[in-house]
Amino acid sequence: MRQPDYLRTVQSFVRNELIGNEAELDSLAAAPIPAYQRFAETGLANWWLPKESGGLGLNLEESVRIVSELSYGDAGVAFGLFLPILTTSMISWYGSDELKERYLTPLQADNGFCATMGSEHAAGSELARITTTARRDGETLVLNGEKAFSTNADFGRFLVVVVRAEENPSAFHAVLVPRDTPGITVEKRWDVIGVRASATYQVSLRDCRVPAANLLQGNGLRLLEVGLNASRILIATTALGIARRARDLCMDYAKTKQVKGAPLASNPVFAAKLGQFEMQIDVMLNQCLAAARDYDAIAERPDAAEEFLRAGTLKSALTTKMFCGQTGWQIVSAASEMFGGVGYTHESIISKLLRDVRYVSIVEGGDDVLRDLMFARYVVPVSKRS
Ligand SMILES: Cc1cc2nc3c(=O)[nH]c(=O)nc-3n(C[C@H](O)[C@H](O)[C@H](O)COP(=O)(O)OP(=O)(O)OC[C@H]3O[C@@H](n4cnc5c(N)ncnc54)[C@H](O)[C@@H]3O)c2cc1C
């Protein structure tokens with residue numbers, strides 16, 4: 001089947017800008033790195049933004065195909081480029097028309113970035129323990145607190161911040177905060193061990209005032225859950241891209257490496273490993289696509305916003321992130337062994353892939369947290385079991 005144009009564009013971006021530039025992409029260079037601008041020049045920046053906001057309106061299934069290609073080249077670039085989907089999907093579903101017009105339309109026009117600020121140090125994954133607050137003061141909201149991790153926050157145009165209502169500590173909100181609001185301080189950029197072409201920051205908010213109209217509609221924790229569906233599926237997809245790259249690196253290496261007087265590629269032990277990789281990669285691909293179709297089926301409904309709220313965390317988003325994180329790790333770990341001692345050095349790209357793939361099972365909920373969530377939401381209620 002002929003590839004769609006957008007996919008051929010992404011593949012050519014990956015070949016020209018990412019493959020071969022691994023050392024630079026892995027160097028934690030000043031963000032945003034030039035590759036982000038190069039990607040914007042393809043016309044595909046923020047490819048999922050709805051047509052009403054001037055975007056291309058590509059769906060999540062198409063996004064899976066794009067992210068698999070991008071992360072074949074570099075998972076950090078892929079992560080930095082797609083993570084705004086978490087922020088923009090919350091605004092698309094739960095923001096007022098005015099917020100969409102004021103923030104999503106220019107984001108599309110300027111190929112900009114935006115960020116979500118949920119995580120806090122003390123609360124960890126128990127987001128109901130967050131301490132960042134919003135206080136109502138007439139027609140404004142005043143935000144105070146510190147957020148531990150936020151990708152793209154430094155150069156994003158706006159942030160969606162998850163807060164506790166000061167007047168009612170059991171209520172949570174998601175608030176759109178323009179990045180240039182006085183009182184926002186980027187405390188530091190994290191020196192992450194993988195996905196180093198992305199940029200994640202610790203950020204504090206001190207008496208940040210925004211219009212009360214910047215509140216998204218609904219419980220902030222629930223809106224975050226909804227937003228995480230798309231980004232979890234795409235984080236899972238980065239494991240797929242990384243695993244495909246690892247497989248291809250192994251095939252290239254095996255043509256040159258001699259074992260018992262013959263190329264490693266003709267060794268049955270090697271063949272069994274690569275056959276296993278291919279089976280795992282195929283299942284990862286099908287799982288990512290199936291989860292994306294689940295998501296798209298809701299997104300296409302006229303009552304999508306309400307249906308997403310009703311569904312909350314989609315089962316397929318959880319299974320896909322867990323499965324791909326674990327399987328990607330198995331593949332890259334086995335692949336790294338194949339390169340012998342060199343595979344354990346910075347001379348080999350495989351060591352970068354090993355660091356990169358680790359993030360899949362940590363970011364947006366570690367596997368222990370997701371297993372716990374899966375148990376509570378999809379095992380205990382008998383009707384939700386597969
Ligand atoms: C590169 C990167 C980018 C990120 N980007 C963002 C971003 O843009 N926005 C944002 O809001 N956050 C972001 N994060 C935060 C990220 O989502 C969290 O770090 C991740 O979800 C893990 O949560 P935590 O750090 O709070 O650790 P915790 O979840 O608190 O985990 C710490 C330990 O507690 C255990 N644990 C926690 N809960 C349970 C449980 N229920 N059952 C058993 N064990 C449990 C875990 O297994 C683990 O051993 C980013 C993080 C990184 C590293």
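What counts and what doesn't
Residues numbered from 1 in each chain as written. Predicted model: local features only at pLDDT ≥ 70, side-chain atom pairs only at ≥ 80, totals over all residues. Heavy atoms only, no water. UniProt positions renumbered as here; feature names shortened; annotations may be inferred. Helix = DSSP H or I, 4+ residues; strand = E, 2+ residues; numbered from the N terminus. Rg over C-alpha atoms; globule rule 2.2 N^0.38 Å. Buried < 20%, exposed > 50% of the residue type's maximum accessible area, 1.4 Å probe, protein only. Contact = heavy atoms within 4.5 Å. Areas by Shrake-Rupley, 256 points an atom, 1.4 Å probe, with all protein chains shown as cover. Arc of directions from axis to C-beta. Domains from an automatic or database assignment. Buried area = accessible area lost by both parts, 1.4 Å probe. Salt bridge = Lys/Arg side-chain N within 4 Å of Asp/Glu carboxyl O. Near = heavy atom within 4 Å. Polar contact = N/O pair within 3.5 Å; in protein donor to acceptor, adjacent residues only side chain to side chain. Nonpolar A, V, L, I, M, F, W, Y, C, P; charged D, E, K, R; others polar. Pairing = 2+ DSSP bridges. Core = buried A, V, L, I, M, F, W, Y, C linked by side-chain atoms within 4.5 Å. Axes fitted to C-alpha atoms, helices over the stretch in contact; angles between N-to-C directions. Parallel < 35°, antiparallel > 145°, perpendicular 65-115°, else oblique.

- For the chain, an unreviewed UniProt entry supplies the name Alkylation response protein AidB-like acyl-CoA dehydrogenase and the organism Allocatelliglobosispora scoriae.
- Per UniProt, the comment on the chain under Cofactor (unreviewed entry) is "FAD".
- Looking at the chain in UniProt, the text filed under Sequence similarities (unreviewed entry) is "Belongs to the acyl-CoA dehydrogenase family."

Some thoughts on the overall build of the chain
- Counting its regular elements, the chain contains 13 helices and nine strands.
- Taking 2.2 N^0.38 as the reference for a compact globule, 386 residues should give roughly 21 Å; the C-alpha atoms of the chain span a radius of gyration of 21 Å, in line with that estimate.
- Each of the three principal axes of the chain carries a C-alpha extent, and together these read 80 × 50 × 45 Å.
- For the chain, the residues scored as buried account for 55% of the 386 residues in total.
- In the chain, the share of contacts with a sequence separation of at least 24, taken over all contacts with a separation of at least 6, comes to 76%.
- Accessible surface, the chain as shown: approximately 16600 Å² in total, 54% of it carbon and sulfur.

Points about helix α3 (residues 34–41)
- Burial in α3 covers these residues: A35, Y36, F39 and A40. Seen end-on, α3 carries its buried residues on one side only, within an arc spanning 150°.
- Looking at the buried positions of α3, the neighbouring elements they touch are α1 (5–18), α4 (60–73) and α5 (75–82).
- Residue G43 follows α3 closely and has a positive phi angle near 85°.

Quick notes on the domain arrangement of the chain
- Each assigned domain of the chain is listed here: domain 1 (5–109), domain 2 (114–214) and domain 3 (220–384).
- The gap between the C-alpha centroids of domain 1 and domain 2 is 22 Å.
- Tallying the contact residues gives 27 residues for domain 1 and 23 residues for domain 2.
- Regarding the contact of domain 1 and domain 2, the summed buried area is about 2100 Å², with carbon and sulfur atoms giving 69% of it.
- The largest contributions to the domain 1 side of the interface with domain 2 come from L28, T87 and Y103, which together make up 29% of the buried area.
- Applying the counting criterion to the domain 1 and domain 2 interface returns one salt bridge.
- Between R196 and D26 there is a salt bridge whose closest N-O contact spans 3.8 Å.

Quick word on the UniProt feature "domain: Acyl-CoA dehydrogenase/oxidase C-terminal" (unreviewed entry) in the chain
- Taking the UniProt record as the reference, the feature "domain: Acyl-CoA dehydrogenase/oxidase C-terminal" (unreviewed entry) is found at residues 218–377.
- Taken end to end, residues 218–377 has its terminal C-alpha atoms 20 Å apart, with 76% of it in helix and 2% in strand.

Concerning the site of the ligand
- If you check the shell around the ligand, you find 20 residues, and the closest are G118, S119, S125, T151 and D368.
- T116 has a polar backbone atom sitting 3.0 Å from a nitrogen atom of the ligand.
- One of the backbone nitrogen or oxygen atoms of G365 is found 3.0 Å away from an oxygen atom of the ligand.
- In the complex, the protein chains occlude 64% of the 960 Å² of accessible area that the ligand would expose alone.
- When residues of the shell around the ligand are traced back to their parent elements, those giving at least two are β1 (114–117), β3 (140–151) and α13 (367–379).
- Within the shell around the ligand, the residues separate by chemical class into eight nonpolar, nine polar and three charged.
- In terms of domain composition, the shell around the ligand takes at least three residues from each of domain 2 (114–214) and domain 3 (220–384).

Remarks on the pairing of β3
- Sheet topology note: the strand β2 (residues 133–137)/β3 ladder contains five bridges and is antiparallel. Each bridged residue has a counterpart across the sheet, and for D137 the counterpart in β3 is T140.
- Hairpin connection from β2 to β3: two residues lie between these consecutive antiparallel strands, with G138 at a positive phi of about 65°.
- Of the strand pairs in this sheet, β3 and strand β7 (residues 200–211) are connected by nine bridges, and their pairing is antiparallel.

Overview of the nonpolar core
- Counting 117 residues, the largest nonpolar core has W47, L70, V77, F82, L143 and L216 as the members making the most contacts within it.
- The element that contributes the greatest number of residues to this core is helix α8 (residues 220–256), accounting for 18 residues.
- Once you skip the residues sitting within four places of it in the chain, F82 turns out to touch W47, W48, V67, S231, L234, I235, T238 and Y359.
- If you look at the next biggest cluster of nonpolar residues, it comprises five residues, including L318, M322, L370 and Y378.

Side note on the packing of α4 against α5
- Direction vectors running N to C along α4 and α5 enclose 140°, while the axes themselves pass 6 Å from each other. Between α4 and α5, the angle is such that the two are oblique. Contact residues: α4 offers V67, L70 and S71, while α5 offers A75, A78, L81 and F82.
- Split into classes, the residues belonging to the contact of α4 with α5 amount to six nonpolar, one polar and no charged.

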